[in-house]
Amino acid sequence: MSTEHASVGVTFTGVERHFGDVAALAGLDLDIAPGELIALLGPSGCGKTTALRLLGGYDRPTAGTITVGERDITRIPTNKRDIGMVFQAYSLFPNMDVRANVAFGLRMRRQAKDARRKRAGDLLELVGLADAADRYPHQLSGGQQQRVALARALAIEPTVLLLDEPLSALDALVRHQLRDEIRAIQRRTGTTTMFVTHDQQEALSIADRVGVMRAGRLEQIDAPEVVYARPATAFVAEFVGAMNHVAGTLATAGRVRVLGREIAAELDGEPPASGIVEVLLRPESIGVDATPDGEAEVLERTFLGSSTRLRVRANGAGELLAELPGHAHGLGPGARVAVSVLVDVALVAAPRVAAEAVQLLPAERCPSGVMDVLLDGSQVGLQVHESCGHPTELDRVFGSEANFAGGSFLTTDKLGKFQYGS
C-alpha cells in the first residue's frame, strides 16, 4: 500500500526555541530527504522532543523557519499541517472501537463513511490487526494499542509522520517486534518520518540517519553505522554505545600510540600541548588473547549470547571492556591475557583535567609511605610501596610506572573515565 501524497522533504533553518533564559533549541539546521526516516537521539533536555513538537505545530519557534516540501509551515496551525503523530502513551479513545479510532481523523475531515471504513480496514490489515476492528482499547495489549495509534496516524495519509518515543512503554520483546514493523510500514508507505527516542539501539536499528543532539544542537547526523563507528565528537562516542577511555600519546601528525600500537587519530578539538590524550575505543575494538605471561588480567566475564563481554585490568590502561564474538572459552576471571587495538583509526580527545589543575605535592615517596596529589584543589593521599615508591593500586591510579617516574600521572573518576595531568 502506498500513500496518495508524493514523499516530501523537511527543512529546519536556524530554528531556535527559548524558554526564558533556557535555549531548548539553539539554531537547529536539519534537512530530511523525501521518504527518509530520521531518528533524533539524545539525553533528556537535549531538544529532540522540542524539534518534533515544532514540526508538528504543538509549539512555535522563537526564531527560524520550518518547511515541508516547498511550504513554510512555521506559523501554520497544527490541524492544517497534514502531519500524523504517534504518542508515547497511545492516546486512543476508550469509548470507540479500533475501527472508529483509526477512522477518527478521516471523520474530522468529513470523508464519506464507506471510504472511512475501507481506509481503516486497509490500515488495520497493514498493522496486522484486521481481526481486532470491533474491539475496544482496553481489550488490547500495549503493543496492539500502539499499532492502532500508528494506523490512525497513517489513515489521513500525512505528508510527515512524527513518532514521539512510541515504544518506550512496551516490554522488550514487543518493543523489538514493533520497531521492525514500524520500519517495514514506513518503507512501504514512503512517508517522511521523524522518530524521537532516548534508546540508542532503537535509533541505530530503525533510522536511515541518526541525529545525536546535545544542549539544543546537533552534534552529528549520519548513517547509523557511521555514528557508531566514527563518532564526530567525544559526546557522541560516549552517548552511543559503550566506550573505553585509554591513555594514548600523540605521535606524528594525525597518529596516536595506544596499547603498544600506532594508529590514525581523529581529534575532537585542538590537540593538547602535552601530547597526552584519551583514545576512545569501543569494546569490540579491543582484542584479548590468552597468554600465560600476559600483562593484563580478566576480572569479569559476561556471556551475552552471540558475544561475550570481558572486563580486563591492563597495566598502563586501567580497566577495559572488551567484547568478543562467541563464547570466549578460556577467558574466565583470573586468566592472564594480552590486549591489543583492532581498529586502524580512533577518536582522540584532550585530557579531562588541564595539566595546570593537577600537580604532585612535595612528599617523600618511600619513607612516608604516602604520595599526595592535588586534583582541582582537592588533596588526595595515595598509598605507595615503601620499598619502591610506586602506588599499590598502580593500574587503577596511574597509567604506567614510566609515566609516574616521569612526573606524569593518570587518575580515574568514579565512572572510570580517565583524566591526565603533569
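Structural notes, computed from the coordinates. (Residues numbered from 1 in each chain as written. Predicted model: local features only at pLDDT ≥ 70, side-chain atom pairs only at ≥ 80, totals over all residues. Heavy atoms only, no water.)

## A word on the pairing of strand E16 (residues 296–303)
Remember that side chains alternate between the two faces of the sheet whenever the strand is regular. Two strands pair when backbone bridges link them, and E16 and strand E17 (residues 307–314) are joined in this way by seven bridges, in the antiparallel orientation. Along E17, the bridge assignment pairs glutamate 300 with arginine 311. In this structure, the hairpin formed by E16 and E17 is closed by a connection of three residues, where glycine 305 is found at a positive phi of approximately 100°. Bridge count for E16 against strand E19 (residues 336–341) is two bridges, and the pairing is antiparallel. Pairing of glutamate 297 across the sheet is with arginine 336, part of E19. (Pairing = 2+ DSSP bridges. Helix = DSSP H or I, 4+ residues; strand = E, 2+ residues; numbered from the N terminus.)

## Comments concerning the nonpolar core
Membership of the largest hydrophobic core comes to 45 residues, with the highest contact counts inside it found for Val102, Leu150 and Val212. Sorting elements by how many residues they give to this core places helix H4 (residues 142–155) first, with seven residues. Sequence-distant contacts of leucine 150, that is, excluding residues within four places in its chain, are made with Val86, Val127, Leu161, Leu163, Ile182 and Ile185. Ranked by size, the runner-up nonpolar core spans 27 residues in total, among them Ile263, Val312, Leu331 and Ala346. (Core = buried A, V, L, I, M, F, W, Y, C linked by side-chain atoms within 4.5 Å. Buried < 20%, exposed > 50% of the residue type's maximum accessible area, 1.4 Å probe, protein only. Contact = heavy atoms within 4.5 Å.)

## Section: the sheet that holds strand E14 (residues 276–281)
Overall, mixed pairing links the five strands, which are arranged E11-E12-E13-E20-E14 in a closed barrel. This sheet shows a mean twist of 50° between the axes of neighbouring strands, independent of strand direction. (Axes fitted to C-alpha atoms, helices over the stretch in contact; angles between N-to-C directions.)

## A look at the sheet that holds strand E8 (residues 192–197)
Pairing is mixed in the open sheet, where six strands are placed in the order E6-E7-E8-E3-E9-E10. The open sheet has two free edges, formed respectively by strand E6 (83–86) and strand E10 (217–222), since each of these has just one partner strand. Ignoring strand direction, the axes of neighbouring strands in this sheet form an average angle of 20°. Bridge count for E6 against strand E7 (residues 160–164) is four bridges, and the pairing is parallel. Bridged to methionine 85 within E7 is leucine 162.

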